[in-house]
Amino acid sequence: MSQEQWKSKIGFIFAAAGSAIGLGAIWKFPYIAGTGGGGAFFLIFLFFTVLLGAPLLLGEFVVGRRAQSDAVTAYKKFAPNSSWSLIGKLGIVTCFILLSFYSVVGGWIIIYLFEAIRGGLNGLSQDQYGALFGELIAKPWSTLLAQLVFMLMAIVVVAKGVQKGIEKASKIMIPALFILFLILVIRSVTLDQSIEGIEFLLVPDFTKLTSESILLALGQAFFTLSLGVSVMVTYASYLPKTQNLPFSAISIIVINILVALLAGLAIFPGVFSFGMEPDAGPVLIFAVLPAVFSQMQFGVIFFINFLLLFLFAALTSAFSMLEIFVAATTKHDKTKRKKRAWTLGLLIFVLGIPSCLSYGVLSDVLVFDKTIFDLFDFTVSNVLMPLGALLISIFVPLKISKSALYEEISLGSKSGKMFFNVWYYLLKYVTPIAIVIVFLDVLGFLDKMISLFK
Ligand code: PFF
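Small disclaimer: the values here were computed from a predicted structure and weren't measured. (Residues numbered from 1 in each chain as written. Predicted model: local features only at pLDDT ≥ 70, side-chain atom pairs only at ≥ 80, totals over all residues. Heavy atoms only, no water.)

Looking now at a nonpolar patch on the surface. Among the surface-exposed residues, Tyr 425, Tyr 429, Val 430, Ile 433 and Ile 437 lie close enough to one another that they form a single nonpolar patch of about 450 Å² accessible area. Here Ile 433 shows up in helix α18 (residues 415-442). (Patch = residues over 30% accessible without salt bridge, like charges linked within 9 Å, V, L, I, M, F, W, Y side chains within 5 Å. Areas by Shrake-Rupley, 256 points an atom, 1.4 Å probe, with all protein chains shown as cover. Salt bridge = Lys/Arg side-chain N within 4 Å of Asp/Glu carboxyl O. Helix = DSSP H or I, 4+ residues; strand = E, 2+ residues; numbered from the N terminus.)

Here's what the structure looks like:
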């Protein structure tokens, strides 16, 4: 059976960066930064991305490239007859749930694109935009249809394969995303009072930082890099031995930081220039941003530009979530890919239906006090992903010999050798400890412990 491979080195970087760049950087980052202290939050996010995210990313690359197999088999290869392959299975289940509600937001982007193009977003007041958002996402049929369209786009690409589907699409979408971002940022930073927004993002005011925002920044760093679910293991399994892994990891880290920066620069200057508040929360993009754009000249065109880049970002992430599934069930057998992509993709759509409806007809259905969408989001982002990241950071130094790790990192790279020890010890000690701290906090244990000592 011939093994699928990326066609080019840069193709892999675009695909992996595409997985990383998504709702996390464009939707979540601005609103968490907006509520969590702006510049100070951004700095902490940078710190975690470099110190904790980068080692884990490289760790996943090493597992994938060395094993040359899907997420479940990869762990089995290093630790046969053990339960470690559960890490891969956990990643698959996590992606299954994640994509089921990620595609709901993907659908909202499509609905907004449609509305913007047909002129439905013109000239409302800020409150009206808020109300419109609530109305649009409460409609059951159109939201379900949009979610299905989003899933179909992802399925069609993944069904085409690694090279002809994911790599080709990412090679178009990621550069396009940057161009669209640049247009937007130029418009945004040349607004009259843009400086306030730029300062908000770039000048740290540490008094605004809370322990909660520090922990959010850590979660955000892992989420935006798609870590802990073995998606990066799967993508790296299609790599030849000539690829320089440390360089690839660093490129993706840089691209990811750049996108968060661009997202902040595209959004905050407008928010401040038009007298709006940056701490609107999750509705920032859908309810506040249209109001911002509607006050600009040719604002609709800029907003469509924004929605398009947002759609590209969400889609390239969706490819990776579906791919981990397809890879694990086809075991790299190309002949099964098409059928599996369609079956699994449609199954994910069905699982996403309750999340989609939880903003409308199912809004009263609460589980543990959360709507179905929020429950899925919470479980994935705050429990399953950190758990996966923790297990991977324990697995790599424990189950792969230091010499094998060293060899894998040095292949195709001279500079990788220099960083080896720093990387190894960060992954072995710093990453797991940091994750445990966040984990305990999310589950409410830290508060309980602190109150015990008071
Ligand atoms: N990195 C994506 C984002 O920031 O939107 C989210 C993500 C994609 C997480 C793929 C996990 C994953 F496997």
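This part is about the site of the ligand. By nearness alone, 17 residues border the ligand, and Ala 20, Gly 24, Tyr 102, Phe 223 and Val 231 come closest of all. In the environment of the ligand, a nitrogen atom lies 3.3 Å from a nitrogen or oxygen atom belonging to the backbone of Thr 224. In the environment of the ligand, a nitrogen atom lies 3.0 Å from a nitrogen or oxygen atom belonging to the side chain of Ser 226. Coverage of the ligand by the protein amounts to 100% of the 340 Å² it exposes when considered alone. When atoms are counted within 2 Å of each cavity's grid points, the one that captures over half of the ligand is the largest cavity. Taken together, the residues of the shell around the ligand sort by class into ten nonpolar, seven polar and no charged. (Near = heavy atom within 4 Å. Polar contact = N/O pair within 3.5 Å; in protein donor to acceptor, adjacent residues only side chain to side chain. 1 Å grid on protein atoms, 1.4 Å probe; cavity = no way out; pocket = protein on both sides within 12 Å on 5 of 7 lines; lining within 4 Å. Sits in = over half its atoms within 2 Å of the grid points. Nonpolar A, V, L, I, M, F, W, Y, C, P; charged D, E, K, R; others polar.)

Moving on: the packing of aromatic side chains. Evaluated as defined, the whole model comprises 36 aromatic pairs. Centre to centre, the rings of Phe 29 and Phe 41 are 6.0 Å apart; their planes meet at 45°, and the pair counts as tilted. In this pair, Phe 29 sits in helix α2 (residues 23-36) while Phe 41 sits in helix α3 (residues 39-67), placing the two residues twelve residues apart along the sequence. A residue is classified by how much of its surface remains accessible, and Phe 29, at 0% relative accessible area, is buried. (Phe/Tyr/Trp six-rings, centres within 6.5 Å; stacked < 30°, edge-to-face > 60°. Buried < 20%, exposed > 50% of the residue type's maximum accessible area, 1.4 Å probe, protein only.)

A pair can form between side chains of opposite charge whenever their charged atoms are brought close. Tallying each qualifying case throughout the model produces nine salt bridges. Taking the shortest distance from any N to any O, the salt bridge between Glu 115 and Arg 118 comes out at 3.1 Å. Classification of Glu 115 as buried rests on a relative accessible area of 9%. When the shortest N-O distance is used, the salt bridge between Lys 171 and Glu 167 registers 3.9 Å. Residue Lys 171 and its partner Glu 167 are located together in helix α8 (residues 162-189), separated by four residues, close to a single helical turn. A relative accessible area of 34% means that Lys 171 is categorised as partly exposed. Connected via shared salt-bridge partners are Arg 65, Arg 66, Lys 241, Glu 407 and Glu 408.

The subject of this paragraph is a positive patch on the surface. Positive charge collects at one region of the surface, where Lys 7, Lys 160, Lys 164, Lys 168, Lys 334 and Lys 338 lie side by side. Tracing the chain through its elements places Lys 338 in helix α15 (residues 337-357). Looking at Lys 338, the relative accessible area reads 56%, which means it is exposed. (Lys, Arg positive; Asp, Glu negative; His and termini not counted. Charge placed at Lys NZ, Arg CZ, Asp CG, Glu CD.)

This part is about the packing of helix α7 (residues 140-160) against helix α14 (residues 299-330). Direction vectors running N to C along α7 and α14 enclose 60°, while the axes themselves pass 9 Å from each other. When the axes of α7 and α14 are compared, the pair comes out oblique. α7 and α14 meet at a crossing whose hand is right-handed. Residues Phe 150, Met 153, Ala 154, Ile 155, Val 157 and Val 158 of α7 form the contact with α14, whose own contacting residues are Leu 311, Ala 314, Leu 315, Ala 318, Phe 319, Leu 322, Glu 323 and Val 326. For the contact of α7 with α14, the residue count by class is 13 nonpolar, no polar and one charged. (Axes fitted to C-alpha atoms, helices over the stretch in contact; angles between N-to-C directions. Parallel < 35°, antiparallel > 145°, perpendicular 65-115°, else oblique. Left-handed = near helix turned anticlockwise from the far one by under 90°. Contact = heavy atoms within 4.5 Å.)

Taken as a whole and judged by the stated rule, the model has four cavities of 30 Å³ or more. In this structure, the largest cavity spans a volume of roughly 130 Å³. Lining the largest cavity we find 16 residues, and of these Ser 19, Leu 98, Phe 223, Ser 226 and Met 321 sit closest to its centre. At the level of elements, α1 (9-20), α2, α5 (86-117), α10 (211-224) and α14 are the ones that each hand at least two residues to the lining of the largest cavity. Take the lining of the largest cavity: its biggest share by element is three residues, from α14. Of the residues contributing to the lining of the largest cavity, the split by class is nine nonpolar, seven polar and no charged. (Points joined across faces, edges and corners; volume = space filled by probe spheres on them.)

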